[in-house]
Amino acid sequence: MSKAVDDLNSAERDATWMRLALEQARLAESQGEVPVGAVLVIGETLVAAAYNAPISGCDPSAHAEIAVLRKAAGLLHNYRLPTATLYVTIEPCTMCMGAIIHSRVQRVVFGAREPRAGAVVSQLKLAEQDFYNHRVEVTEGVLADECGALVSSFFRSRR
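Description of the structure in this document. (Residues numbered from 1 in each chain as written. Predicted model: local features only at pLDDT ≥ 70, side-chain atom pairs only at ≥ 80, totals over all residues. Heavy atoms only, no water.)

Looking at the pairing of strand β3 (residues 84–90)
Convention followed: Exposure classes here rest on a 1.4 Å probe applied to the protein chains alone. A residue is buried below 20% of its type maximum, exposed above 50%, and partly exposed in between. Only runs of H or I of at least four residues qualify as helices and only runs of E of at least two qualify as strands under DSSP, and these elements are numbered from the N terminus. The pairing criterion for strands is at least two bridges between them, as found by DSSP. Handedness is read with the strands pointing away from the viewer; a crossover is right-handed when the path from the first strand over the helix to the second is clockwise.
Counting buried residues along β3, seven of its seven residues qualify, which places the element largely inside the surrounding structure. As paired strands, β3 and strand β4 (residues 107–112) are joined by five bridges and run parallel to one another. Pairing of V88 across the sheet is with F110, part of β4. The handedness of the β3 to β4 crossover, carried by helix α4 (residues 94–102), is right-handed.

Below is the structure:
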């Protein structure tokens, strides 16, 4: 297979998983939560899916990324997820990137940037810091317009 075909297949795969993360984000929105969703995949297998729930859970750490990492780690009986790819609709924050790094997730794929609090590319660029003992591969912009529109619409309706 040529590199171009591999890239196309990879892009199609990423879009497919991101659509599942968007479904999770819509579940969050239906419960009055900020619409962020995440899925964790190993190989071609969906391991876990989750969405934001800090309001309903009275838990400031109940971001979609944290929830999906907790579910996956529990299911796999291992707090390390070294071959996993985490798909999330919005760029992870500082807390979530810390958890992603500590769980040894191999790759993070996110939809839309979060210009104020995103810690992957928008602000702190935590995936690029050399003081961590683990490197996370990052792919951004998968279904970015749809992911960003969902959050923008949510906050517009709140104003």
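Quick word on the packing of aromatic side chains
The condition is simple: We call Phe, Tyr and Trp rings a pair once their centres come within 6.5 Å, taking the six-membered ring for Trp, and we label the pair stacked below 30 degrees between planes, edge-to-face above 60, and tilted otherwise.
Under the counting rule described, the total for this entry stands at three aromatic pairs. Aromatic side chains W17 and Y87 sit 6.5 Å apart centroid to centroid with 35 degrees between the ring planes, which places their arrangement in the tilted category. Separated by 70 residues along the polypeptide, W17 in helix α1 (residues 3–30) and Y87 in strand β3 bring together distant segments of the chain. Between the aromatic rings of F131 and Y132, the centroid separation amounts to 4.7 Å while the plane-to-plane angle is 45 degrees, which identifies the pairing as tilted.

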